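Structural features, examined
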Amino acid sequence: MTILDGKALSEELVDSVKDKAEKLSPTLAVILVGENPASMAYVRNKKKACERAGIEYIQHDFEATITQEDLLKKIDDINQDPNVNGLIVQLPLPDHIYVPDVIRSVDPSKDVDGFHAYNIGKMFLSPEFEDLPPATPLGIVKLLDHYDIPIRGKEVVVVGHSNIVGKPISMMMLNRDATVTTCHIHTKDLSAHTKRADILIVAVGKINLITADMVKDGVVVVDVGMNRNDDGKLCGDVDFENVSKKASYITPVPGGVGPMTVAALILNTVRATERQKASQ
Ligand code: NAD
């Protein structure tokens, strides 16, 4: 069994764009609303990765009481600013703000999270049009590619159908000629599907949802889940201790998909900058 070391690969990928970043001088703006501790930790990691890559990082902090109108105005200002190449609005947002309006308001060419319908729609067409794919799915694909794990013709089972992970990773696996099954809360017999998986990607947010009896020998397991157990320890959706005994490859939590998501944001920021400068 091999551990898919997202932390090490993430550092390698961030280092690999340093030369390009030096030439392009990209700038990433991050909007943080409120003081959600998990969000504050995520943006700290993004800032660190930008510093490592040589990308300028600008953070805009707002009170949780900011109105949607004021937030959209700030996003528009950043959209118009030619010195900013990438824009992330850290989710979740307070309940009074309608997230689809926020996602829609980000300039698609600066949407390095890859959440805008324009970028999602392009991704639907073919791998060549995955210009700014959602960061977590991009990180997963980079991780599988790095370990030379074949995707074409494989049975890929995705558990979770969110717009930011489950649906786009399903599409990216289909773009790479896998046979894809996407499961979710209404799937009738989850283990009937997971047992068939050559590659199992789990993005749900439930500790120990996937147990050893639900997977076949030799499965490749990608655990996207980020949960806190009763001791406050970070853990995924997969019973790592027992599933890892049957898996050929498995991601740890922490140190698997999390850092790869940050690396993918860095890759998307450099890509967005390249595309903006090429069209000037
Ligand atoms: P979400 O919270 O929007 O949706 C959860 C999904 O799980 C839904 O599709 C739902 O139908 C499905 N689901 C719920 N219970 C289920 C069950 N019992 N059986 C099968 N499916 C079930 O999803 P999300 O935003 O993609 O987040 C999922 C998890 O991934 C969370 O733990 C989140 O913190 C984590 N996450 C991690 C990263 C990272 O970088 N590592 C990035 C994004 C999300």
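As the structure is a computational prediction, the values presented were derived from the model and not from experiment.

Residue position: Asp237 is located in the loop between strand E10 (234-235) and helix H10 (240-243). Polar side-chain contacts of Asp237 include one of 2.8 Å to the backbone nitrogen of Lys206.

Looking at the secondary structure, you find Thr211 in the loop between strand E7 (199-202) and strand E8 (220-223). Taking relative accessible area as the criterion, Thr211 reaches 25% and is therefore assigned partly exposed. Distance in space between the C-alpha atoms of Thr211 and Asp237 is 9.2 Å, their sequence separation being 26 residues. Those residues in contact with Thr211, other than ones at most four positions away along the chain, are Asp239 and Val243. Among the polar contacts listed, one links the side chain of Thr211 to the side chain of Asp213, at a separation of 2.6 Å.

Attention shifts here to the site of the ligand. Near the ligand lie 22 residues; those nearest to it are His161, Ser162, Ile185, Lys206 and Thr261. Between Ser162 and the ligand, the recorded distance is 2.6 Å, taken from a side-chain N or O atom to an oxygen atom. Protein coverage of the free-state accessible area of the ligand, which is 860 Å², stands at 75%. In terms of residue count, the dominant contributor to the shell around the ligand is helix H11 (residues 257-278) (three residues). The class makeup of the residues in the shell around the ligand is eleven nonpolar, ten polar and one charged.

According to the stated counting rule, one finds one aromatic pair in the structure shown. Each ring, one from Tyr147 and one from Tyr249, has its centre 6.3 Å from the other, and the planes form 65°; the classification is edge-to-face. Residue Tyr147 is found in the loop between helix H7 (135-146) and strand E5 (155-159), and its partner Tyr249 is found in strand E11 (residues 249-250); the two are separated by 102 residues along the sequence.

Attention now goes to the pairing of strand E6 (residues 179-183). Here E5 runs beside E6; their pairing, made up of five bridges, is parallel. Opposite Val159, over in E6, you have Cys183 as the bridge partner.

Turning our eyes to something else, we now look at the pattern of salt bridges. Enumeration according to the criterion identifies 14 salt bridges in this entry. The shortest N-O distance in the salt bridge between Arg104 and Asp101 comes to 2.3 Å. Of this pair, Arg104 and Asp101 both sit in helix H5 (residues 99-105), three residues apart, roughly one helical turn. Taking relative accessible area as the criterion, Asp101 reaches 22% and is therefore assigned partly exposed. The shortest N-O distance in the salt bridge between Arg152 and Asp177 comes to 3.0 Å. Remark: Asp177 occurs in the loop between helix H8 (166-175) and E6 and Arg152 occurs in the loop between H7 and E5; sequence separation between them is 25 residues. For Arg152, a relative accessible area of 64% corresponds to the exposed category. Look at Asp177 and you get partly exposed, because its relative accessible area is 39%. Here the residues in one salt-bridge network are Lys122, Asp131, Arg271 and Arg275, joined through shared partners.

Conventions we followed
Residues numbered from 1 in each chain as written. Predicted model: local features only at pLDDT ≥ 70, side-chain atom pairs only at ≥ 80, totals over all residues. Heavy atoms only, no water. Helix = DSSP H or I, 4+ residues; strand = E, 2+ residues; numbered from the N terminus. Polar contact = N/O pair within 3.5 Å; in protein donor to acceptor, adjacent residues only side chain to side chain. Buried < 20%, exposed > 50% of the residue type's maximum accessible area, 1.4 Å probe, protein only. Contact = heavy atoms within 4.5 Å. Near = heavy atom within 4 Å. Areas by Shrake-Rupley, 256 points an atom, 1.4 Å probe, with all protein chains shown as cover. Nonpolar A, V, L, I, M, F, W, Y, C, P; charged D, E, K, R; others polar. Phe/Tyr/Trp six-rings, centres within 6.5 Å; stacked < 30°, edge-to-face > 60°. Pairing = 2+ DSSP bridges. Salt bridge = Lys/Arg side-chain N within 4 Å of Asp/Glu carboxyl O.

These values are about where atoms sit, not about what they do.
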